[in-house]
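# A closer look at the structure
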Amino acid sequence: MSDRIFHRFYVAFYLIEENVKQEQTVLSFFMNKELESATELLIHLQTWRPMTENTGCSKQQMKTLRNTIQQSASMTETETETEIKQTAQCRRHKALNVQRLRSIVRQSKFRHVFGQNVKAEQGYDDIRVSKVTWDSSFCAVNPKFLAVIVESSGGGAFLVLPISKTGRVDKNYPLVVGHSGPVLDIDWCPHDDNILASCSEDCTAMVWQIPDHVLTRPVTDPVVVLEGHSKRVGIVTWHPTARNILLTAGSDNLVIIWNVGTGEPLISMDDHPDLIYSISWNRNGSLFCTTCKDRRLRVCDPRKREVVAERLAPHEGIRPMRAIFTRDGNIFTTGFTRMSQRELGLWDPTNFEEPIALLELDTSNGVLLPYYDADANMVYLCGKGDSSIRYFEITDEPPYVHYLSTFSSKEPQRGMGFMPKRGVDVSKCEIARLFKLLDKKCEPITMTVPRKSDLFQDDLYPDTAGPEPAMEPEEWLDGRDEDPILVSLRDGYVPPKSRELKVAKKNVLDSRPTTRRSMSVLDTNSLPVSCVVLLPIQNLKATVLSQEKRICDLENKLSQYTNGTD
């Protein structure tokens with residue numbers, strides 16, 4: 001084939017180019033032909049036509065190719081070279097356009113995160129989820145246990161299952177009971193996987209120690225009872241870095257911070273004029289943010305006992321709001337617009353004038369509960385009554401809150417639990433696990449980043465907050481701030497065995513759990529730990545001895561009557 005004819009064909013083909021396979025097929029066919037004119041080229045096109053069925057070249061493309069070759073038969077060599085250069089320039093422009101499009105599409109390792117239900121046998125069935133009308137998650141989970149607030153007669157109760165005990169739950173499975181009213185909120189201690197706090201309509205909060213083994217009888221004795229609220233207690237949350245610091249909030253509009261090691265209130269704040277909807281600590285526990293029924297978002301410094309910043313109506317609607325701190329110190333909020341559309345926002349607490357981002361979602365009625373992954377800087381939004389979970393990534397680039405995807409299922413959710421990063425499966429590139437509560441069961445949902453490699457993915461799993469507290473209660477109260485102590489997930493996380501809490505002096509968590517009645521009668525803070533344990537035993541021994549003496553006296557009298565001596 002002459003160079004002139006080959007060049008003309010090359011130009012003509014590139015004008016209808018579809019893919020590399022066609023190009024290689026056509027060129028390999030014509031380069032083996034001795035063609036001296038465009039007429040001969042057209043003749044051989046008829047021979048090549050059967051090949052088009054295998055290459056995917058359409059009749060319209062063949063027609064365009066023949067017309068182009070006919071037009072190029074009269075072209076000079078200079079015209080042919082110019083045509084080739086123009087074609088090459090067009091190809092370069094196409095490559096540049098592709099690069100521009102790639103730059104427009106945001107690059108993120110979490111863009112393709114997908115949610116997936118686990119197999120049916122890996123769920124938890126026959127759980128009677130509570131029907132209390134309270135905007136709580138009703139579920140708390142850690143690498144060892146799953147806790148769910150359940151229906152119970154004669155008071156409040158919740159179910160605690162080892163995370164590995166999947167399948168059907170026996171209807172007679174022992175519960176954790178102790179509250180005289182319905183339980184409203186529960187939260188696992190971040191520094192001890194066996195310690196759980198609960199709060200109830202009975203105006204109290206309780207701290208429980210859960211054994212590692214499967215429960216064989218109901219747990220009725222809390223380690224400590226926290227009594228300080230005059231109305232129901234609806235929020236309970238642990239300090240992220242200090243040992244034994246617990247925050248409670250009630251319908252009396254009071255926020256109390258406790259040292260559960262001694263059962264004493266450390267700080268009390270009454271800055272809220274109405275019902276508190278939500279509370280969230282920042283990363284080092286120096287501040288917490290609240291949302292209130294008065295439509296204000298507040299940032300509070302508990303040790304100064306003051307509100308350091310506040311914003312009126314971050315969302316214009318009157319429906320309940322939620323707020324959480326991000327790792328960068330910003331505040332992520334969910335709420336409603338004036339037209340009852342659900343809305344999310346991102347705020348800088350040092351400048352509440354304008355939001356960093358504000359995004360409308362839909363018109364559903366359920367309150368959006370945000371669950372935050374500080375390691376990936378992602379937020380999962382779960383609405384009560386919804387059947388979907390939306391997830392977003394927060395970045396430093398506009399629009400700052402990036403929608404990623406939505407996980408949808410058939411049944412609406414009653415509540416949700418969020419596993420700490422210590423509990424995910426790093427071998428499967430799982431970055432989050434949520435526990436969806438339905439009417440009578442709990443379904444785990446895994447969020448996974450698709451990766452081909454089986455090796456540990458350093459970019460997906462930075463060091464995460466571990467179970468060791470960064471400071472003691474006294475240090476935090478004196479003004480010290482510390483970030484969480486981080487641990488690596490490279491070899492996976494193995495939960496430690498049940499251990500006694502390292503607590504300060506006069507800590508009731510070191511002693512045998514005592515009942516609420518014994519605490520009200522006995523001032524345990526004024527006695528050594530050994531006395532708290534031994535005194536009930538001594539009282540019991542004295543009672544036994546007195547009853548034994550009485551029995552002996554009655555037996556002697558009976559024997560006298562029998563012998564006729566009296």
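Residues numbered from 1 in each chain as written. Predicted model: local features only at pLDDT ≥ 70, side-chain atom pairs only at ≥ 80, totals over all residues. Heavy atoms only, no water.

What counts, and what does not: UniProt positions are given in the numbering used here, feature names are shortened, and annotations may be inferred rather than shown by experiment.
With an unreviewed UniProt entry as reference, the protein chain is termed Coronin, source organism Sparus aurata. In its Sequence similarities (unreviewed entry) section, UniProt records this for the protein chain: "Belongs to the WD repeat coronin family."

### Some words on the pairing of strand β28 (residues 415-418)
Basically, it comes down to this: A simple rule labels every residue: compare its accessible area, found with a 1.4 Å probe on the protein chains alone, to the largest value its type can have, and call it buried under 20%, exposed over 50%, or partly exposed in between. A run of H or I in DSSP counts as a helix once it spans at least four residues, and a run of E counts as a strand once it spans at least two, with each numbered from the N terminus. Strands were regarded as paired on the criterion that DSSP finds at least two bridges between them.
The alternating pattern of β28 places G415 and G417 and M416 and F418 on opposite faces, both of which are buried. Where β28 and strand β29 (residues 430-437) come together, four bridges link them in antiparallel fashion. Of the residues in β29, the one forming a bridge with F418 is L434.

### Quick look at the confidence of the model for the protein chain
This is how the line gets drawn: Known as pLDDT, the predictor's confidence for each residue is given on a scale from 0 to 100. The contact criterion used throughout is that any non-hydrogen atoms of two residues lie within 4.5 Å.
For the protein chain, the mean per-residue pLDDT works out to 82, and 73% of the residues sit at or above 70. For the stretch residues 49-56, pLDDT sits under 50, and the model shows nine contacts to residues farther than four places along the chain or on other chains.

### Focus on the side chain of T291
Spelled out, the test is: Polar contact criterion, stated in full: a pair of N or O atoms within 3.5 Å, where within protein one must be able to donate a hydrogen and the other to accept it, and residues adjacent in sequence count only if both atoms are side-chain atoms.
Within the secondary structure, T291 is located in strand β17 (residues 288-292). With relative accessibility at 1%, the residue T291 sits in the buried group. Only 2.8 Å separates the side chain of T291 from the side chain of S278, close enough to count as a polar contact. Those residues in contact with T291 that lie beyond four places of it in its chain are L275, I276, Y277, S278, R296, L297, M321, R322 and A323.

### Some remarks on the nonpolar core
In a soluble, globular protein the nonpolar side chains are often hidden away together inside. Condition: The definition of a nonpolar core used throughout is a set of buried Ala, Val, Leu, Ile, Met, Phe, Trp, Tyr and Cys residues joined through side-chain atoms within 4.5 Å.
Ranked by internal contacts, the top residues of the largest apolar core, which has 42 residues, are I127, L146, F158, V160 and F435. For this core, the secondary-structure elements that each account for two or more residues are β3 (139-141), β4 (145-150), β5 (156-162), β8 (183-188), β10 (204-209) and β29. If you tally residues by element for this core, the top one is β4, at six residues. Excluding anything up to four places from it in sequence, F435 contacts Y124, C139, V141, L146, I163, G415, M416, G417, M419, C442, E443 and P444. Judged by nonpolar contacts, the second largest core, of 28 residues, contains A376, F407, I445 and V449.

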